[in-house]
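Residues per chain, in single letters:
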Amino acid sequence: MQKLYDSFVDALEKEKKLLAILIDPDKFDVETAAEFLRKLPSKTTHILVGGSSVPDGYTETVVRALKLYTAKPILLFPGDVSQITAAADGILFLSLLSGRNPEFLVGQQIKAVPFLKETQLEIIPTGYLLVDGQNTSAVARVTETNPIAQENLVEIVHTAKAAQWMGKKLVYLEAGSGAKVPVAPEIIAAVKRELSIPIIVGGGIKTEAQLEAAYRAGAQMVVMGTAFE
Ligand code: 1GP
């Protein structure tokens with residue numbers, strides 16, 4: 001069963017655009033879940049749940065609260081293994097390929113296995129690339145890795161290409177939550193030209209114009225978080 005991933009492939013084939021709203025459990029009050037969901041843009045297709053540091057067990061509380069009020073698929077976007085919960089529908093099984101910290105390339109992933117084996121979560125192998133959003137991101141801080149400079153287009157494209165050749169099903173181009181500068185459309189377009197798998201783009205996207213620019217450049221899914229906090 002890969003229902004969730006199939007929706008990405010379907011979107012890719014039919015050139016449909018996906019919009020995910022990211023909820024960082026650390027900044028979310030479950031009492032507001034119903035109202036929060038009511039206010040989401042009508043074109044929202046997915047909900048992502050995850051953050052850099054979340055109190056143990058709270059991700060599950062948030063996912064369960066959201067599930068009461070929405071039928072949209074909920075994908076985990078975990079900062080670490082403690083954020084895995086069977087209450088979601090799937091998980092972006094991230095490997096931070098822009099960095100050279102073994103813990104976030106493969107260590108956390110191995111630690112996740114015993115938890116994931118107890119769930120029915122759909123696991124989507126995702127190459128995660130942090131590019132510089134002109135703002136020290138929580139991802140860089142927590143993972144102790146450096147983002148790739150946006151000027152370094154070749155490195156970004158080669159890293160994304162390697163992700164696909166390593167068997168990743170998605171590539172996530174991340175400028176970091178609250179980025180001052182989102183991933184440039186030229187970068188998205190260059191990565192798009194090289195890959196045949198869907199591309200997710202997030203970090204610092206706040207306006208309709210930025211959203212549309214990312215789609216036009218080739219993003220299959222755009223993730224917006226801060227704009228809705
Ligand atoms: C962060 O890509 C997401 O991981 C979303 O970023 O909070 O800046 O929208 P924003």
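Check the entry above for the structure.
Scope of this entry: the structure provided in the associated data block. (Residues numbered from 1 in each chain as written. Predicted model: local features only at pLDDT ≥ 70, side-chain atom pairs only at ≥ 80, totals over all residues. Heavy atoms only, no water.)

**Here's the deal with the environment of Gln120**
Heads up, the rule is: The helix and strand labels rest on DSSP assignments: H or I over at least four residues marks a helix, E over at least two residues marks a strand, and numbering proceeds from the N terminus.
When you line up the elements, Gln120 lands in the loop between helix 4 (102-116) and strand 5 (122-130). In this structure the C-alpha to C-alpha distance between Gln120 and Gln220, which are 100 residues apart in sequence, comes to 25 Å.

**A short note on the packing of aromatic side chains**
Think of a pair of aromatic rings as described by two things: how far the centres are apart, and how the planes are tilted against each other in angle. The cut-off we apply is this: Pairing of aromatic side chains requires ring centres within 6.5 Å, counting the rings of Phe and Tyr and the six-membered ring of Trp. Pairs whose planes differ by under 30 degrees are stacked, by over 60 edge-to-face, and all others tilted. Accessibility here uses a 1.4 Å probe with only protein chains present; expressed as a share of the type maximum, an area under 20% marks a residue as buried, one over 50% as exposed, and anything in between as partly exposed.
Taken as a whole and assessed by the stated rule, the structure comprises 5 aromatic pairs. Between Phe77 and Tyr128, the aromatic rings sit 5.7 Å apart at their centres with planes inclined by 85°, giving edge-to-face as the arrangement. Highlighted residues: Phe77 in the loop between strand 3 (74-76) and strand 4 (90-96) and Tyr128 in strand 5, separated in sequence by 51 residues. Each member of the pair, Phe77 together with Tyr128, is buried. Members of the aromatic cluster, each reached through a chain of ring pairs, are Phe77, Tyr128 and Tyr172.

**Quick notes on the side chain of Ser98**
How we decide: In this analysis, two residues are considered to be in contact whenever any of their non-hydrogen atoms come within 4.5 Å of each other.
Along the chain, Ser98 falls in the loop between strand 4 and helix 4. Ser98 gets classed as buried once you look at its relative accessible area, which sits at 9%. Not counting residues up to four positions away in its chain, the partners in contact with Ser98 are Tyr128, Leu129, Leu130, Asn146, Ile148 and Thr159.

**Structural notes on the packing of helix 7 (residues 185-194) against helix 8 (residues 208-217)**
Operational definition: Fitted lines through C-alpha atoms give the axes, limited to the stretch in contact for helices. The angle between two N-to-C directions lies from 0 to 180 degrees. Oblique is the label for any angle not covered by the other classes, which are roughly parallel (under 35 degrees), roughly antiparallel (over 145) and roughly perpendicular (65 to 115). It is the rotation of the near helix from the far one that decides the hand of a crossing: anticlockwise by less than a right angle makes it left-handed, clockwise makes it right-handed. When residues are sorted by character, Ala, Val, Leu, Ile, Met, Phe, Trp, Tyr, Cys and Pro go into the nonpolar class, Asp, Glu, Lys and Arg into the charged class, and all the rest, Gly among them, into the polar class.
One can describe the packing of helix 7 onto helix 8 by two numbers: an axis separation of 8 Å at closest approach and a directional angle of 25°. In terms of orientation, helix 7 and helix 8 fall into the roughly parallel class. When you trace helix 7 past helix 8, the crossing you get is right-handed. Contact residues: helix 7 offers Pro185, Ile188, Ala189 and Lys192, while helix 8 offers Ala213, Ala214 and Ala217. Residues of the contact of helix 7 with helix 8, tallied by class, amount to 6 nonpolar, no polar and 1 charged.

**Focus on the pairing of strand 4**
Worth spelling out the cut-off: Pairing between two strands is assigned when DSSP locates at least 2 bridges connecting them. Handedness of a crossover: with both strands directed away from the viewer, a clockwise path from the first strand across the helix to the second marks it as right-handed.
Of all the 7 residues making up strand 4, 6 are buried; the element is thus mostly covered by neighbouring parts of the structure. Pairing of strand 3 with strand 4 involves 2 bridges; the strand directions are parallel. Bridged to Leu76 within strand 4 is Ile91. Judged from the 7 bridges that link them, strand 4 and strand 5 form a sheet pairing that is parallel. In the strand pairing of strand 5, Ile91 is matched with Ile123. In this fold, the crossover linking strand 4 to strand 5 by way of helix 4 has right-handed handedness.

**Notes on the nonpolar core**
For clarity, the cut-off: For our purposes a nonpolar core is just a set of buried Ala, Val, Leu, Ile, Met, Phe, Trp, Tyr and Cys residues, chained together by side-chain atoms within 4.5 Å.
Formed by 79 residues in total, the largest nonpolar core has its most connected members in Phe8, Leu48, Leu66, Leu92, Leu173 and Val191. For this core, the leading source of residues is strand 1 (residues 18-23), giving 6 residues. Apart from the residues within four sequence positions on either side, Leu48 is in contact with Ala20, Ile21, Leu22, Ile23, Leu75, Phe77, Leu92, Tyr172 and Val223.

**Brief notes about helix 6 (residues 153-165)**
Three or four residues apart is the spacing at which side chains of an α-helix point the same way, because the helix has 3.6 residues per turn. For clarity, the threshold we go by: Expected helix span is computed as 1.5 Å times (number of residues minus one).
Its 13 residues place the ends of helix 6 18 Å apart at the C-alpha level, agreeing with the 18 Å of an ideal helix rising 1.5 Å per residue. Within the sequence span of helix 6, burial applies to Ile156, Val157, Thr159, Ala160, Lys161, Ala163 and Gln164. Tucked into the core, helix 6 has its buried residues touching strand 5, strand 6 (170-174) and helix 7. Just past helix 6, the residue Gly167 takes up positive phi, approximately 100°.

**Considerations on the side chain of Lys161**
By the secondary structure assignment, Lys161 is in helix 6. If sequence neighbours within four positions are ignored, Lys161 has contacts with Glu194 and Leu195.

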